[in-house]
Every structure is written in C-alpha cells, then in structure tokens.
Amino acid sequence: MVAVADPTPLPATVLRFSKMHGAGNDFVVLDLRGNAPPPSPSLCRALADRHAGVGCDQILTVEDAQGSDAVARYRIWNADGSSSQQCGNGARCIAAWMVRDARSRNAPLPTEFVLDSPVGAHAVTQLGGGAFRIVMGLPRFAPASIPLHGFEGAQDEYVLYRDDAVFTFGAVSMGNPHAVIEVDDIDAAPVEAVAPMLQSHPAFPESVNVGFVHVESRDRIRLRVYERGVGETLACGSGACAAAAVMMRRGRVDREVTVSLPGGDLRIAWPADDVALSMSGPTAFVFEGEWIHE
Ligand SMILES: N[C@H](CCC[C@H](N)C(=O)O)C(=O)O
C-alpha cells in the first residue's frame, strides 16, 4: 500500500466572519475583540474579491472599546485595502452586530448605546426592525479638514480644472472626504467618467468619495456615490450625510431629508449648523461564514 500525500494542503488559518449590508452597501465583519490583529491590506483585498473571496465593499472590525463608555470600537477598510475613518452604513451594521452579540449572551443592550470609531464616539439608537440612528457628528466644510488643497475658506461651490475638464462641486468631511456634484439627471450622471478624475486630482491629497445628487424636493434627494477605494456602491452612508449637508448649507433642502440611493433610502437630520448630524437607516445580516486562507 503506497501512502499518497494529501493533495489538499491543510488551511493555514480559518477566519470567522459575518456578511452584512446596509441599504446594499455590503460588509465583511470580523470580531477582533481580545486584541486580535487587524487585517492586512492584502487580506482585505482577498476578502473583498467578489470571485475568489467573500465579496464586499468594506471590511469592518469589531474591537474592544478603549477606556470609553462605548460598547465597542469599529474600524473600516475599503475593498482595495485602504483604510477609512468613517463608514455610515457600516456603523449601523456594527450596531446591529453588537445588539445580536449581546442578546446571544443574555445581556441585551439598551435602546441607546455608544460606539467608538476612528473619528470619535457615536451615539446609537435602536429604532426596531433592524433600523438604527447614528449620530455622525458635525459636517466640516473647512478645506483643510476635508482635505481639499488650493482653497482658503469654505465655499458653497468649488471649481477645479483638469486637462480640458471643469469640475464644479461642494465638499465636506464627515470624518472622511466627500465631493458632491449636483446633476439634472441622476440616471445619466457621468459617474464612471468624472469620479476617478476628481479622486486622482492633486487638490484631493487623500482622494475623495464622489457623490452625484439630484434635488427632487425640499425633503428628498437622489444620490449615487463613487466611493474612494471601491467604486460605485449601492449606498454610502457618509456620502448621504455629505450630500444632505452640502444641499442644506446651500439652502436647497430642509434640515431633514430622505436620501434615495440605488440600494435604499436613508434619513438625514441636521437641525442646526452647530448641532451634530444624524443618519437613520436599515441593516441586514446575510450569512455567517469561515474564510479559509493559506
Ligand atoms: N469609501 C469610504 C469608506 C466607506 C464609506 C461608506 N461605505 C459609508 O457608508 O459611509 C472612504 O474611503 O472614505
């Protein structure tokens, strides 16, 4: 009897994950509590790959809160392996993940709790049915905070040139950079043509998420977002906050609006300039899995 070497090498490691989405913006969630190391950029790219991996727009990690009254801390990596400081849809999904985790340990979370992120604490409110409200903080319009180079003070509208193209947009930080371009026809918006040119423009040293917005009424806007590190997604929570904030600052919409994205609707409220903006929207668990990698 000749022993045959097993042709299938044993997996080096197995990584458990949750697959979730918020209005179609989809995520792989990793539980790193207990000081497990963060995923490398190459592991993020492998996990995000929609053919050879699990497939997602972002990887989200759940981590121990560091000395605050938060129930957990989360971090964000885009599909290309780059990290981000903010993810609105991701924050809601982490909230839902924590609610389910607490319930599984017979220690249910209160209706209101706090999550920590790379840009600070976020108050969370359970709205029921998988919906959550997240306090996303103050929109920051100063060019230096976006960052947007070449401009001194905050402007309602910026103009940039590149080759023979002219870009007219609003800009704001929600903890991550956003440019917002108003269009007449959202379905015909030149998303793939314009967004990459603006993202690689030297005025945006950290690149930028590019939103294309059409104002339908004073309490409803339609939005498509070409995200930094991903491309066009079905929804972008911080992008919805950014588009709403830019349109509110221009006086084009009321201080509470529905943002209609291809993957679903989000509700944004920004009662006054010196009050934090909040975002409400859905979450969904899709499946649990094990990532087997060499
Ligand atoms: N692509 C973004 C991060 C994810 C934002 C988006 N998925 C959201 O829901 O806010 C960036 O690089 O800033």
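Remember, it's a predicted structure, so these values are computed and weren't measured experimentally.

Peer 1: How would you summarise a nonpolar patch on the surface if you had to cite specific residues and measurements?
Peer 2: A cluster of nonpolar side chains, namely V159, Y161 and V166, defines an oily patch on the protein surface of about 300 Å² accessible area. Note on placement: V159 falls in strand β9 (residues 158–162).

Peer 1: For empty space enclosed by the protein, give the residues involved together with the corresponding values.
Peer 2: Empty space among the atoms becomes visible once a probe the size of a water molecule is rolled across them. Taken as a whole and judged by the stated rule, the model has two cavities of 30 Å³ or more. Estimates place the volume of the largest cavity at around 100 Å³. If you trace the largest cavity, you find 16 residues lining it, with Q58, Q86, N176, E227 and S238 closest to the centre. Residue assignment for the lining of the largest cavity shows that the elements contributing at least two residues are β4 (72–78), α2 (88–104) and α4 (237–249). Looking at the lining of the largest cavity, its residues break down into three nonpolar, eleven polar and two charged.

Peer 1: Hey, could you go over the site of the ligand for me, with residue numbers and the actual values?
Peer 2: Around the ligand there are 15 residues in total, and N25, E227, R228, G237 and S238 lie nearest to it. A distance of 2.9 Å separates an oxygen atom of the ligand from a polar atom in the side chain of N78. In the environment of the ligand, an oxygen atom lies 2.9 Å from a nitrogen or oxygen atom belonging to the side chain of N209. Against a free-state accessible area of 360 Å², the protein chains account for coverage of 100% of the ligand. When residues of the shell around the ligand are traced back to their parent elements, those giving at least two are α2 and α4.

Cut-offs and rules
Residues numbered from 1 in each chain as written. Predicted model: local features only at pLDDT ≥ 70, side-chain atom pairs only at ≥ 80, totals over all residues. Heavy atoms only, no water. Patch = residues over 30% accessible without salt bridge, like charges linked within 9 Å, V, L, I, M, F, W, Y side chains within 5 Å. Areas by Shrake-Rupley, 256 points an atom, 1.4 Å probe, with all protein chains shown as cover. Salt bridge = Lys/Arg side-chain N within 4 Å of Asp/Glu carboxyl O. Helix = DSSP H or I, 4+ residues; strand = E, 2+ residues; numbered from the N terminus. 1 Å grid on protein atoms, 1.4 Å probe; cavity = no way out; pocket = protein on both sides within 12 Å on 5 of 7 lines; lining within 4 Å. Points joined across faces, edges and corners; volume = space filled by probe spheres on them. Nonpolar A, V, L, I, M, F, W, Y, C, P; charged D, E, K, R; others polar. Near = heavy atom within 4 Å. Polar contact = N/O pair within 3.5 Å; in protein donor to acceptor, adjacent residues only side chain to side chain.

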